[in-house]
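For reference, the chains in residue letters:
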Amino acid sequence: MVSFKLGGGRQAPPPSSPGGGRQASPPRRPPLRMETRRVTSFDGTDIAYRVTPPPFEGAKTVVLLNGLGGPYLVWRAQIEYLSDQYRFITWDYRGMYASKRPSLDAPEAYAVASHVRDLEAILAAEGVRHGSLMGWRMGVQVALEAFRRLPGFAANLVLLNGTHRPPLETMGPLPGLGRLFPPLVALAARAQTAATRMTHRVIGQADAVAWLRRLGLLGKTLDGEVLAELAQPFGQLDMEAFLRNLRALGMHDVEEVLDQIDVPTLLITGDRDAFTPRALAQSMARRIPLAEILVVRGGTHTTALEFPELVSLRIERFFADHDF
């Protein structure tokens, strides 16, 4: 039976300070119960990954695959909601957050296939041979590549706000804007020091959230405490490694994998996602034989952050329906 464990909903905004219009900083959220571990990958790259304690002996494993630039904290709602039923594993992509850069700067060092090989090293270290692959944004590409390269591992797939095609071709709130991204990424990579300074400066701007909402990256329902928690680590990103990952991601295409997927698959998207529009998720659902889809009204590119209870409940039901 599926249990319904609704959270407390959206939090009230923090009160204004006595001095007037400026608001107080939101309180720090309690840390997630996750242990950080490290593994040496196939090419010697030092990879940081995190695990939750198994809730009981024999608990099944859910592998969380992040979006590019997304810290593991983006999964807080799903981890807190489901950690009494499942064990979770997630990791920082090479060059991101606590994981080191690969020693070689060759383009293939940041390829999606290399991220899958990092996952292989993690699974071997943890002795995990079977589980769910749950990807968000870039994580959808990594999950589909993992399905191809790790036959028999995936019991099911959960794919949020992602695509099977080269993401730089589909992203962009205006038609045709996606075609401009590859040359812009190449330009930013050549000027990565300036790109790093600009990114860190933008993250600190008070009106940055308003602009991100106009671009369709954030929805109005996103909790202020959630946003504050995620903004701090994002401001510390190694932008050179971020851009190398982005360029490699822009060349990745797993369209032929869709017809090969033979496990239950849940796709979740928002009807206001301008970067991976709902039409992409719908086309994927039609191609995958055992696919189900949830389109969240009002959801943008961060649907799971904007509607955490709804998304977590749907994932729980999906797992229960398919005996996972």
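Residues numbered from 1 in each chain as written. Predicted model: local features only at pLDDT ≥ 70, side-chain atom pairs only at ≥ 80, totals over all residues. Heavy atoms only, no water.

Novice: Would you explain the overall build of the chain in this entry?
Specialist: Secondary structure summary: the chain contains 12 helices and 8 strands in total. Across the 324 residues of the chain, 51% fall into the buried class. Contacts in the chain between residues at least 24 apart in sequence constitute 78% of all its contacts with a sequence separation of at least 6. Counting every atom, the chain has about 15600 Å² of accessible surface; 55% of that belongs to carbon and sulfur. (Helix = DSSP H or I, 4+ residues; strand = E, 2+ residues; numbered from the N terminus. Buried < 20%, exposed > 50% of the residue type's maximum accessible area, 1.4 Å probe, protein only. Contact = heavy atoms within 4.5 Å. Areas by Shrake-Rupley, 256 points an atom, 1.4 Å probe, with all protein chains shown as cover.)

Novice: Sorry if this is basic, but what is going on with the pattern of salt bridges here?
Specialist: A pair can form between side chains of opposite charge whenever their charged atoms are brought close. Under the defined criterion, the tally for this structure stands at 18 salt bridges. Here D46 makes a salt bridge to R38, at a shortest N to O gap of 2.6 Å. What makes R38 partly exposed here is its relative accessible area of 41%. Between E145 and R149 there is a salt bridge whose closest N-O contact spans 2.5 Å. Of this pair, E145 and R149 both sit in helix α3 (residues 138-149), 4 residues apart, roughly one helical turn. By relative accessible area, R149 is classed as partly exposed at 45%. Ionic contacts of the salt-bridge type, sharing partners, join the residues E35, R37, R87 and E126 into one network. (Salt bridge = Lys/Arg side-chain N within 4 Å of Asp/Glu carboxyl O.)

Novice: Please explain empty space enclosed by the protein as it appears in this structure.
Specialist: One simple way to see leftover space: roll a probe sized like a water molecule over the atoms. Considering all chains together, one arrives at 2 cavities of 30 Å³ or more under this definition. What the largest cavity holds in volume is close to 50 Å³. Counting residues per element, the ones that place at least two in the lining of the largest cavity are β7 (265-270) and α10 (278-287). In terms of residue class, the lining of the largest cavity is built from 8 nonpolar, 4 polar and no charged. Quantified by volume, the second largest cavity comes out at close to 40 Å³. V74, W75, Q78, W136, A304 and L305 together form the lining of the second largest cavity. (1 Å grid on protein atoms, 1.4 Å probe; cavity = no way out; pocket = protein on both sides within 12 Å on 5 of 7 lines; lining within 4 Å. Points joined across faces, edges and corners; volume = space filled by probe spheres on them. Nonpolar A, V, L, I, M, F, W, Y, C, P; charged D, E, K, R; others polar.)

Novice: Is there a simple way to explain the confidence of the model for the chain in this structure?
Specialist: Detailed reading of predicted coordinates is not advised where the pLDDT is low. Averaged over all residues, the pLDDT of the chain is 82; the fraction at 70 or higher stands at 74%. Residue range residues 1-24 is modelled with pLDDT below 50. Its contacts to residues more than four positions away, or to other chains, number 32 contacts. (pLDDT = per-residue confidence, 0-100.)

Novice: I keep staring at the environment of H130 and nothing clicks. Help me out?
Specialist: Its place among the elements puts H130 in the loop between α2 (112-126) and β5 (131-136). When the C-alpha atoms of H130 and F153 are compared, they prove to be 4.6 Å apart, with 23 residues separating the residues in sequence. In this structure H130 touches T61, G152, F153, A154 and A155, once residues within four positions along its chain are discounted. Within the local environment of H130, its side chain forms a polar contact with the backbone oxygen of G152, the two atoms lying 3.2 Å apart. Polar contacts involving the side chain of H130 include one to the main-chain carbonyl oxygen of F153, which spans 2.9 Å. (Polar contact = N/O pair within 3.5 Å; in protein donor to acceptor, adjacent residues only side chain to side chain.)

Novice: I tried to follow the sheet that holds β7 on my own but got confused; where do I start?
Specialist: In a beta sheet, neighbouring strands pair by backbone hydrogen bonds and run either parallel or antiparallel. Read from one edge to the other, the open sheet built from 8 strands follows the order β1-β2-β4-β3-β5-β6-β7-β8, with strand pairing classed as mixed. The strands lining the two open edges of the sheet, one partner per strand, are β1 (35-40) and β8 (291-296). Here the average twist between neighbouring strands, direction ignored, is 20°. In this sheet, strand β2 (residues 46-51) lies alongside β1 in antiparallel orientation, the contact comprising 6 bridges. (Pairing = 2+ DSSP bridges. Axes fitted to C-alpha atoms, helices over the stretch in contact; angles between N-to-C directions.)

Novice: I keep staring at the pairing of strand β6 (residues 154-160) and nothing clicks. Help me out?
Specialist: As a general feature of sheets, a regular strand has side chains that alternate between the two faces. Most of β6 is tucked away, with 7 of its 7 residues classed as buried. Strand direction decides the pairing type here: β5 and β6, joined by 6 bridges, are parallel. Each residue of the ladder has a partner; that of L133, found in β6, is L157. On the question of chirality, the crossover connecting β5 to the parallel β6 by way of α3 is right-handed. Strand direction decides the pairing type here: β6 and β7, joined by 4 bridges, are parallel. Looking across to β7, one finds that L157 is bridged to T265. (Right-handed = clockwise from strand over helix to strand, strands pointing away.)

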